[in-house]
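Descriptive analysis of the structure
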Amino acid sequence: MARRASRSKKIDTRTEEEVQESRGARLTYGGPWAVVLGGYLPVELAHVVLEGNPTTLALAALGVAGTGTAVCRLMSHIDNKAKRPKDQRIWHQVNTGAVTAAATLGTVVGVDSAATAGAWFLGGVGMAAANNLWSKFYKAGSEKSASKWEKLESEIGLAKQELEDAKSNGKGTVVAKVRAKDGATADELARKIPALASVLRLGQGRITHTVNDDDSGDITMRVQVADLLKNGFPWPGPSAFGTSIGDSPLNLGRYEDGETLKVNLPGVLRDPQELRNGNVEHAIAQGTNGAGKTQGNCTLVGDAATRTEVSTIIINCSKFQQDYGHVRHAADMVIQTEAEARRFFKQLHTVIKARADYLGSKGLSKWKPGCGLNFLIIIGEEAADFADGEAYSKVLRTLRSTGGWFLSSIQRATHDQMDTTARSNHPAGMAYGLTDGADAQYILPPEAIEAGAFPGWGNRKAGYLYAAGMGIKEDRWAVVARTYNADRAQLAAAVTAGMNVRTPMDEVTAGAFGALWTNRTFFTTPLLEADDAADLPQEPHHPAPPAASQPAEAAPASEHGTDEDEDEAMALDAEEVEELIRKETEDLDDELQKILDSDPEPGEYDHLSVEQEIEAPADDAPVFNLPGACEDEDKLSSDDARDAIFAQLDDWVREGKDSFQPKELNHIWMRVDLEEPRSWWNRLRTRLLKDGVISKDESEEGYGSYDLIRSPLADNNGE
């Protein structure tokens, strides 16, 4: 008997998890049938017991219905806590509602007749079969979704962030509402975004988040699952041809979700559209070489050149013609050397003061459309060439309210490339591709960095950028955008057409620039390749501005001669060269002999001693005068000397001379009829520096020199 019992015993090789799954499956699939078959007898028994007392039967029916309602509400609460999908919650309510209705009706009318019994079993079989089918097919999909989020919760710790709603815009972007609970913070979610991106197989910077200012637990997470910027977008043309720069935003490109990237430069637009109005926000465009900064800058310049009430100034001390040749005629003034840039920033203080005085006379605290001044857009390309001067920093502090926006374009805005104070005066930023995406912290606000902005793609994605400030709402600061693919000829044609509507530089600003404006460099036609420029008007031959600062076109080669012919005509044979050297040598010997005759060697006086008197010089002997000494009749009063120096400086300004050394004025100030003429000159120089007439040359090669900013006779300074 013992052997027979041991043979009949079965060994269960399943794991505990498999045993639990088997029990769960029996409950899932057998439960509905147990309710249908097992519920028949209690319902019928209750009807038989209570049918003789109508009052008790009614109360019992109400009790069954109330119990069923309570079960429905409890199931709804459990589903909400478990974060089950909406359709699953509905199915649970249908089940509990059907069971409640069947139990209530069965208790009242009974299930002993053929009709009621048939309805009970037919309805019950249908519901049980439907539940089995639901559990078999729907559960696989729902568990797959649930396990995805559970995997994130268990592996990267998202249990305290509840995903409430996720929607796709159909353009590769999924926006999800995340509710922080149990004391969780947005910072905790931000620290887990890199791990979340890894789990979802997304690149860095493709998941960003923003926080509701009024509720720190309300977080919006944005996931970009597809790159729709890869092929770029062609430039659609001017955004608002012929309207004021103060009417509507300029268009720069497209966001990855298809929205247009717009910027509000004046800060006071009549129609800001989805942007915010406020103050002018200077910007830094930062990106590695080849990241597309210049292309974006040219797009801004081209769009602005088709508006009124705006003037553009471009500073490019490295390669202006190469970078901006196709839109060069959009600039009212072009600065192409570091010396010009240095003088420009110093003179700009006078311009800012003049514009501020004008706006003050109109009762305005800042620039607005129709005020009579043009809004100034100043593009500073390769800002490292000029971003370390005090004048540059001061301009950024004072230009804003007088109607001017400054864009500093630089590869890396570190302290060794740009003064940190100047950098802090750029509230806005455009972060193009960087070798190290963390460098975006130099120009983007902390909110954008915390939201996940990380432009670490280098120059592999030319034109891609993050843009913050300039009226752009905060929830767009960490959204990747791309500048338009603007064809050079198309931009050039738009700028050419815009010359018919653009407002000339206002008189207040032009007058304050003084000689810098009079002698400015400007262009009237684009510079394009021959094929692109075939249908565009060529630059006319017109007189250059004073001081000949306008670049001249290269003269064409002679029609009947070649460079080889010129070289041959200018060549000298060996005999002619030898004769030329002989004549030059003879002339040099004659000059040396004259010098020796007039200044004999000291040996001529070797016979003299301390006891002997030196004979008096001959009447015709040369007289040596110390520098600065002059006859009494040639001396000048301090007022006359000042007037002479002012007149000399004024002449230099009119001639286009932009720098000088003090020794060039020695012939005037050393004639002052005072005991200490040098002290008098030092005081006058200090006054000229204070009045902004001259400024120290801060360049390494300009030590001891001064920049001539404006005429001292302007604005009655000479009185």
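Everything below is about the structure printed above this text.
Residues numbered from 1 in each chain as written. Predicted model: local features only at pLDDT ≥ 70, side-chain atom pairs only at ≥ 80, totals over all residues. Heavy atoms only, no water.

This part covers helix H10 (residues 390–398). Residues of H10 that are buried include every one of Ala391, Tyr392, Ser393, Val395 and Leu396, and no others. Summarising the contacts, the buried residues of H10 are in contact with helix H9 (338–361), strand S11 (404–410) and helix H11 (420–424). (Buried < 20%, exposed > 50% of the residue type's maximum accessible area, 1.4 Å probe, protein only. Helix = DSSP H or I, 4+ residues; strand = E, 2+ residues; numbered from the N terminus. Contact = heavy atoms within 4.5 Å.)

Looking now at the packing of helix H18 (residues 638–655) against helix H20 (residues 677–690). One way to put it is that H18 packs onto H20 with a least axis distance of 12 Å and a crossing angle of 45°. As far as their axial angle goes, H20 and H18 are oblique. Considering only the axes of H18 and H20, their crossing is right-handed. For the pair H18 and H20, contact is made by Ser638, Ala641, Arg642, Ile645, Phe646 and Leu649 and by Trp680, Trp681, Leu684, Arg687 and Leu688, respectively. Tallied by class, the residues present in the contact of H18 with H20 amount to eight nonpolar, one polar and two charged. (Axes fitted to C-alpha atoms, helices over the stretch in contact; angles between N-to-C directions. Parallel < 35°, antiparallel > 145°, perpendicular 65-115°, else oblique. Left-handed = near helix turned anticlockwise from the far one by under 90°. Nonpolar A, V, L, I, M, F, W, Y, C, P; charged D, E, K, R; others polar.)

The next thing to look at is the pattern of salt bridges. The final tally for this structure, using the stated rule, is 13 salt bridges. A salt bridge links Arg476 to Asp257; the shortest N-O distance between them is 3.0 Å. Of this pair, Arg476 sits in the loop between strand S13 (464–468) and strand S14 (481–483) while Asp257 sits in the loop between strand S5 (250–255) and strand S6 (260–263), and the two are 219 residues apart along the sequence. Summarising the burial analysis for this pair, Arg476 and Asp257 share the class buried. Across the salt bridge formed by Asp707 and Lys346, the nearest N and O atoms sit 3.2 Å from each other. Residue Asp707 is located in strand S17 (residues 706–708), and its partner Lys346 is located in helix H9; the two are separated by 361 residues in the primary sequence. Classification of Asp707 by relative accessible area gives buried; the value is 2%. Each of the salt bridges in this network shares a partner with another, and the network as a whole consists of Arg342, Lys346 and Asp707. (Salt bridge = Lys/Arg side-chain N within 4 Å of Asp/Glu carboxyl O.)

Attention shifts here to the packing of helix H3 (residues 54–81) against helix H4 (residues 86–109). Contact geometry of H3 with H4 gives a least axis separation of 9 Å together with a crossing angle of 170°. What the angle tells us is that H3 and H4 run roughly antiparallel. Contacts between H3 and H4 involve Leu57, Ala61, Val64, Ala65, Gly68, Thr69, Val71, Cys72, Met75, Ser76, Asp79 and Asn80 on the former and, on the latter, Arg89, His92, Gln93, Thr96, Gly97, Thr100, Ala103, Thr104, Thr107 and Val108.

Turning to helix H7 (residues 293–304), a few remarks are in order. In a regular helix each residue adds 1.5 Å, so 12 residues correspond to 16 Å; H7 covers 17 Å between its end C-alpha atoms and thus fits that length. Most of H7 is tucked away, with 11 of its 12 residues classed as buried. By the burial criterion, the buried members of H7 are Lys293, Thr294, Gly296, Asn297, Cys298, Thr299, Leu300, Val301, Gly302, Asp303 and Ala304. (Expected span 1.5 Å × (residues − 1).)

Moving on to the sheet that holds strand S10 (residues 375–381). Taken in spatial order, the 10 strands make up an open sheet running S6-S5-S14-S13-S12-S7-S11-S10-S8-S9, and their pairing is mixed. Each of the sheet's edge strands pairs with one partner strand only, and the pair in question is S6 and strand S9 (333–335). Averaged over all neighbouring strand pairs, the angle between strand axes comes to 25°, with direction disregarded. Looking at chain direction, strand S8 (residues 310–316) and S9 are connected through three bridges and run parallel. Its bridge partner lying in S9, Ile313 is registered against Met333. (Pairing = 2+ DSSP bridges.)

Across the chain, the bulk of peptide bonds are trans and the bulk of non-glycine residues have phi less than zero. Even without being a glycine, Glu382 presents a positive backbone phi close to 50°. In this structure, Glu382 sits in the loop between S10 and H10. Glu382 sits in the partly exposed class, given a relative accessible area of 23%. One non-glycine residue with positive phi stands out, namely Met470, at about 55°. Along the polypeptide, Met470 turns up in the loop between S13 and S14.

Now for a negative patch on the surface. Side chains of Asp187, Asp213, Asp214, Glu447, Glu450, Glu474 and Asp475 sit close together on the surface and give a patch of like negative charge. Looking at the element boundaries, Glu474 is found in the loop between S13 and S14. Its relative accessible area of 34% is what places Glu474 among the partly exposed residues. (Patch = residues over 30% accessible without salt bridge, like charges linked within 9 Å, V, L, I, M, F, W, Y side chains within 5 Å. Areas by Shrake-Rupley, 256 points an atom, 1.4 Å probe, with all protein chains shown as cover. Lys, Arg positive; Asp, Glu negative; His and termini not counted. Charge placed at Lys NZ, Arg CZ, Asp CG, Glu CD.)

Below, the discussion takes up the sheet that holds S17. The strand order across the open sheet formed by three strands is S15-S17-S16, and the pairing between neighbours is antiparallel. If you trace the sheet from one side to the other, it starts and ends with strand S15 (659–660) and strand S16 (694–696), each paired once. Where S15 meets S17, two bridges bridge the pair, whose relative direction is antiparallel. Within S17, the residue paired with Phe660 across the bridge is Tyr706. The sheet strands contacting H9 are S16 and S17, and the helix crosses S17 at an angle near 65°.

Generally speaking, a soluble globular protein has its nonpolar side chains buried in company with each other. In terms of nonpolar packing, the biggest core is built from 101 residues, with Ile315, Phe344 and Trp405 touching the most fellow members. In terms of residue count, H9 provides more of this core than any other element does, seven residues in total. Among the nonpolar cores identified, the runner-up in size contains 21 residues, and Ile645, Phe646, Leu649 and Trp680 belong to it. (Core = buried A, V, L, I, M, F, W, Y, C linked by side-chain atoms within 4.5 Å.)

Note that Ala70 resides in helix H3. The exposure class of Ala70 is partly exposed, given its relative accessible area of 44%. In this structure, the C-alpha to C-alpha distance between Ala70 and Thr96, residues 26 residues apart in sequence, is 9.8 Å.

Let's shift gears to the packing of aromatic side chains. If you walk through the whole model with that rule in mind, you get 16 aromatic pairs. Residues Phe386 and Phe406 carry aromatic rings whose centres are separated by 6.5 Å and whose planes lie at 75° to one another, so their mutual orientation is edge-to-face. One end of the pair, Phe386, is in the loop between S10 and H10; the other, Phe406, is in strand S11, and 20 residues separate them in sequence. By the burial criterion, Phe386 is buried, and Phe406 matches it. Considering the side-chain rings of Trp457 and Tyr464, the 6.0 Å spacing of their centres and the 65° angle between planes classify their relative orientation as edge-to-face. Residue Tyr464 is classed as buried on the basis of its relative accessible area, which comes to 4%. What links up through ring pairs into an aromatic cluster is the set Phe344, Phe345, Phe386, Tyr392, Phe406 and Phe513. (Phe/Tyr/Trp six-rings, centres within 6.5 Å; stacked < 30°, edge-to-face > 60°.)

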